[in-house]
Amino acid sequence: AVALIPARQGSKRVPGKNVRRLEGHPMLAYTIEPAIESGVFDAVVVSTDAEETAAIARHYGAEVPFLRPAEFAGDRSPDIEWVEYTLNELRRQGRSWDCFSILRPTSPFRTAETIRRAWAAFTAQDGVDALRAVEKCAQHPAKMWVVQGDRMVPLLQPSDPGAPPWHSMPYQALPPIYVQNASLEIAWTRVVTEKRTIAGDVQMPFL
């Protein structure tokens, strides 16, 4: 397996977020260290479009074998673009893996033990394409609305047309809903090459 850490330079919401200091170290360091410590990965590779970020990544023990092209580093660039580019470039260098994991620097409190636990859960399953970290929604999407001018419609409706609308149901009566928290993803590399996606069709939850 290979760990892929995305750390593009541009961020409109929080400029420079991947290298901002937290307790004396750049945010990026708090993802590199547990990835290495976990012992799960043959390589820990940072994908960045900035030489400054690359230097920081190398200082903390990660590899940056090449910079990410600008066309894959925009604020609307989908993950599949940089993941596909990175795996293809590494393959051209004679390096390939069965699995990859995406570890984002915006989750600095992820531990090596958490990574090991996720890896054990993923490899124990048959027939899954990917694992993704999720947590229970604090605000249930059944209580959410889409505003259309001076009207609004529910985001979600029950599948049974005769059932009461979910937005009028007590929270405890609604089906449990989970949201991805972007802290950890693992997938078979074949989902990129065969399906051009980072998660495939069958995902398992990691709570």
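Here the structure is a predicted model, which means the values were calculated and not measured.

### Structural notes on the sheet that holds strand β9 (residues 178-188)
Pairing is mixed across the open sheet formed by 6 strands, whose spatial order is β4-β1-β5-β9-β6-β10. Strand pairing shows two members of the sheet lacking a second neighbour, β4 (43-47) and β10 (203-206), which therefore form its edges. Going across the sheet, the axis of each strand differs from the next one's by a mean of 30°, ignoring polarity. Here 6 bridges tie strand β6 (residues 130-136) to β9, and the two strands are oriented antiparallel to one another. Within the sheet, the bridge partner assigned to E135 lies in β9 and is V179.

### Section: a nonpolar patch on the surface
A contiguous nonpolar surface patch, about 280 Å² in accessible area, is contributed by M144, V146, V153 and L155. Within the element layout of this structure, L155 appears in the loop between β8 (151-154) and β9. Exposure remark for L155: the relative accessible area of 43% places this residue in the partly exposed category.

### A word on the packing of aromatic side chains
In this structure the tally under the stated criterion is 4 aromatic pairs. Between F66 and Y85, the ring centres sit 5.8 Å apart and the planes meet at 85°, which makes this aromatic pair edge-to-face. Separated by 19 residues along the polypeptide, F66 in the loop between α2 (51-59) and α3 (79-92) and Y85 in helix α3 bring together distant segments of the chain. On the basis of relative accessibility, which here comes to 17%, the residue F66 falls in the buried class. Seen from their ring centres, W119 and F122 are 6.3 Å apart, and the 40° between their planes marks the pair as tilted. Taken together, the residues span about one helical turn, with W119 and F122 both in helix α4 (residues 112-123) at a distance of 3 residues. Among the aromatic residues, those joined into a ring-pair cluster are F66, F72 and Y85.

### Looking at the environment of S107
Examined against the element boundaries, S107 turns out to sit in the loop between β5 (99-102) and α4. You can call S107 buried: its relative accessible area is 13%. Sequence spacing of S107 and A182 is 75 residues, and the spatial spacing of their C-alpha atoms is 7.7 Å. Among all residues touching S107, those that are not within four sequence positions of it are T31, N181, A182 and S183.

### Looking at the nonpolar core
The tendency in soluble globular proteins is for nonpolar side chains to be buried side by side. One finds L28, F41, V46, L103, L131 and L184 to be the most contacted residues of the largest nonpolar core, which totals 28 residues. Broken down by secondary-structure element, the contributors of at least two residues to this core are β1 (2-6), α1 (29-37), β4, α2, α4, β6, β9 and β10. When residues no more than four places from it in sequence are discounted, the contact partners of V46 are I5, A7, L28, I32, A57, A62, E63 and V64.

### What about unusual backbone geometry?
If you check the backbone angles, A182 has positive phi at about 65° while not being a glycine. Summarising the element assignment, A182 is placed in strand β9. Here R196, not a glycine, exhibits a phi torsion of approximately 50°, which is positive. Its place among the elements puts R196 in the loop between α5 (190-195) and β10.

### A look at the environment of E71
Summarising the element assignment, E71 is placed in the loop between α2 and α3. Along the sequence, E71 and N18 sit 53 residues apart, while their C-alpha atoms lie 19 Å from each other. Contact partners of E71, with chain neighbours within four places excluded, come to S77 and E81.

### Overview of the side chain of E185
Relative to the helices and strands, E185 is located in strand β9. E185 sits in the buried class, given a relative accessible area of 8%. In terms of polar contacts, E185 uses its side chain to reach the side chain of R104, at 2.9 Å. Contact partners of E185, with chain neighbours within four places excluded, come to F100, S101, I102, R104, L131, R132 and I198.

### A word on the packing of α1 against α4
One way to put it is that α1 packs onto α4 with a least axis distance of 8 Å and a crossing angle of 55°. Regarding the angle of α1 to α4, the classification is oblique. Here α1 and α4 pass one another in a crossing that is right-handed. Side by side, α1 and α4 meet where P34, A35 and E37 of the first sit next to A112, I115 and R116 of the second.

Cut-offs used in this document
Residues numbered from 1 in each chain as written. Predicted model: local features only at pLDDT ≥ 70, side-chain atom pairs only at ≥ 80, totals over all residues. Heavy atoms only, no water. Pairing = 2+ DSSP bridges. Helix = DSSP H or I, 4+ residues; strand = E, 2+ residues; numbered from the N terminus. Axes fitted to C-alpha atoms, helices over the stretch in contact; angles between N-to-C directions. Patch = residues over 30% accessible without salt bridge, like charges linked within 9 Å, V, L, I, M, F, W, Y side chains within 5 Å. Areas by Shrake-Rupley, 256 points an atom, 1.4 Å probe, with all protein chains shown as cover. Salt bridge = Lys/Arg side-chain N within 4 Å of Asp/Glu carboxyl O. Buried < 20%, exposed > 50% of the residue type's maximum accessible area, 1.4 Å probe, protein only. Phe/Tyr/Trp six-rings, centres within 6.5 Å; stacked < 30°, edge-to-face > 60°. Contact = heavy atoms within 4.5 Å. Core = buried A, V, L, I, M, F, W, Y, C linked by side-chain atoms within 4.5 Å. Polar contact = N/O pair within 3.5 Å; in protein donor to acceptor, adjacent residues only side chain to side chain. Parallel < 35°, antiparallel > 145°, perpendicular 65-115°, else oblique. Left-handed = near helix turned anticlockwise from the far one by under 90°.

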